[in-house]
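# Descriptive analysis of the structure
The chain contents come next:
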Amino acid sequence: MSLRFFCQSFVRNDFITLDGVEAHHLLHVMRAKVGEEVILFDNSGFEYAAKIDSIQRTTVKLEVISGQEVNREAPIKVTIAVALPKGDRQRWLVEKCTEIGVHRLIPLKTARSVAEPNHSSIQRLQRFVIEAAKQCGRNRLMEISPAQEISALFKMTTAENQRLFAHPSHDTHPSGDILPRQASDQPVIFAIGPEGGFTEQEVQSAEQHGWQRVTLGNRILRTETAAITAALAAILNPHD
Ligand code: SAH
C-alpha cells in the first residue's frame, strides 16, 4: 500500500493543502518531493490518489487525481468500553483496537480506574487512531467517545446491542458461546475493567441492566490484552 495521509477536512476539490502533523510527516519524515504520489483519506470511507503539486515550509499542496470508496471495516460493529491503563499500554490498546477494526472505544470511569481521561488525553488518543489508520488502511477512524461513568454506560446502552461484561470467573460462559456464530448486524459492546477489576457492586449493576457476564479464558489478562481478545473474539467469530 502506498503512503497514506489523513485530511482533517473532506477531500472535495481538485487541490488540497495538508498542514500540521501530516505535512510534517510527509515533508520531514518521508522527505517527499514534488510529483510524487500518495494516498489521502478523510474519514468518509473514500481514499484518494493525489500527486504533490508544490511544497511550502510547513504545508504541502496536492492535486487529487482520483477517489474511490474502499471499505476495510470489520463485518460487525464492536464497541470496547474500557477502564484505560496508563502510559504506553494506553497507546498500545488504542493502536491495536484500531488495527483490529473496533468501531468505537469508550474510556470508562469505574471505581478502580487508574487513568483519568480528560479532553487533552482523549485528543492524544485520537492522534494514535489516525497513526494506526494510516498504517493499516482503514478509511474510517475508530471513534473515541468522551469518557463515561460506568453507571451512565449501563443506562445508555440498550438491548439492540449485545452487551457483554468481561469478568474473570469459573462459572460464566466462555465468550465464544455467547457471540453470534453467523455474521450478524447486531452490534456488540464489551465492558473491560481496570487492573484492580470491577467491584462486586459494578458486577451486580451490570447484571441488573441486562449485561451478560463473559469470561475470556482461565487466565487473568491485563486490561489491554482483555480488550484486544474481546474485540478479536467478536470480529473474527462470524467467519469461523
Ligand atoms: N484482579 C482483577 C483482574 C482484572 S484484569 C479481577 O480479578 O477482577 C482487568 C480486566 O480485564 C477485568 O476487569 C476484566 O474486564 C478483563 N479480564 C481479564 N481477564 C479476564 C478473563 N479471563 N475473563 C474475563 N475478563 C477478563
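Residues numbered from 1 in each chain as written. Predicted model: local features only at pLDDT ≥ 70, side-chain atom pairs only at ≥ 80, totals over all residues. Heavy atoms only, no water.

Within the largest apolar cluster, 36 residues are counted, with the highest numbers of intra-cluster contacts made by Ile80, Met142, Phe190 and Ile192. For this core, the secondary structure elements donating two or more residues are strand 6 (78–82), helix 2 (87–100), helix 3 (119–136), strand 10 (162–166), strand 12 (188–192) and helix 6 (223–236). Top contributing element to this core by residue count: helix 6, with 7 residues. When near neighbours in sequence (up to four residues on either side) are disregarded, isoleucine 80 contacts Val102, Arg104, Leu105, Ile106, Phe190, Ile192, Ala227, Ala230 and Ala231. If you look at the next biggest cluster of nonpolar residues, it comprises 17 residues, including Phe5, Val11, Leu18 and Leu26. (Core = buried A, V, L, I, M, F, W, Y, C linked by side-chain atoms within 4.5 Å. Buried < 20%, exposed > 50% of the residue type's maximum accessible area, 1.4 Å probe, protein only. Helix = DSSP H or I, 4+ residues; strand = E, 2+ residues; numbered from the N terminus. Contact = heavy atoms within 4.5 Å.)

Taken together, 19 residues lie around the ligand, and Ala166, Gly193, Leu216, Arg219 and Leu221 are the ones closest in. With respect to the ligand, the backbone of glycine 193 contributes an N or O atom lying 2.9 Å from an oxygen atom. A distance of 2.8 Å separates a nitrogen atom of the ligand from a polar backbone atom of leucine 216. Coverage of the ligand by the protein chains reaches 86% of its 540 Å² of free accessible surface. Elements represented by at least two residues in the shell around the ligand include exactly strand 13 (212–215) and helix 6. (Near = heavy atom within 4 Å. Polar contact = N/O pair within 3.5 Å; in protein donor to acceptor, adjacent residues only side chain to side chain. Areas by Shrake-Rupley, 256 points an atom, 1.4 Å probe, with all protein chains shown as cover.)

As a further point, take the domain arrangement of the chain. As assigned here, the chain comprises domain 1 (4–69) and domain 2 (78–236). Relative to domain 2, the C-alpha centre of domain 1 lies at a distance of 33 Å. Taken together, the contact pairs 14 residues of domain 1 with 10 residues of domain 2. Taken together, both faces of the contact between domain 1 and domain 2 bury some 1000 Å²; the carbon and sulfur share is 48%. (Domains from an automatic or database assignment. Buried area = accessible area lost by both parts, 1.4 Å probe.)

Our next topic: the packing of helix 2 against helix 3. At a closest axis distance of 8 Å, the pairing of helix 2 and helix 3 adopts a crossing angle of 40 degrees. Looking at the two axes, helix 2 sits oblique to helix 3. Between helix 2 and helix 3 lies a crossing whose hand is right-handed. Contacts between helix 2 and helix 3 pair Gln90, Arg91, Val94, Glu95, Thr98 and Glu99 from the former with Arg124, Leu125, Phe128, Val129, Ala132, Ala133, Gln135 and Cys136 from the latter. Each residue belonging to the contact of helix 2 with helix 3 can be placed in one class, and the counts come to 7 nonpolar, 3 polar and 4 charged. (Axes fitted to C-alpha atoms, helices over the stretch in contact; angles between N-to-C directions. Parallel < 35°, antiparallel > 145°, perpendicular 65-115°, else oblique. Left-handed = near helix turned anticlockwise from the far one by under 90°. Nonpolar A, V, L, I, M, F, W, Y, C, P; charged D, E, K, R; others polar.)

It is worth spelling out the packing of aromatic side chains at this point. Going through the model one piece at a time under the given rule, you end up with 5 aromatic pairs. On the numbers, 5.2 Å between centres and 55 degrees between planes, the contact of phenylalanine 6 with phenylalanine 41 is tilted. Residue phenylalanine 6 is found in strand 1 (residues 4–6), and its partner phenylalanine 41 is found in strand 3 (residues 37–41); the two are separated by 35 residues along the sequence. Considered together, phenylalanine 6 and phenylalanine 41 belong to a single accessibility category, that of buried residues. With 6.2 Å between their ring centres and 50 degrees between their planes, phenylalanine 154 and phenylalanine 165 make a pair best called tilted. Highlighted residues: phenylalanine 154 in helix 4 (residues 150–156) and phenylalanine 165 in strand 10, separated in sequence by 11 residues. Each residue in the set Phe154, Phe165, Phe198 and Trp211 is aromatic and connected to the rest through ring pairs, giving one cluster. A cation over an aromatic ring shows up here: arginine 4 above the ring of phenylalanine 41, its NZ or CZ 4.2 Å from the ring centre. We note lysine 61 situated over the ring of phenylalanine 15; from NZ or CZ to the ring centre the distance is 4.8 Å. (Phe/Tyr/Trp six-rings, centres within 6.5 Å; stacked < 30°, edge-to-face > 60°. Lys NZ or Arg CZ within 6 Å of the ring centre and 35° of its normal.)

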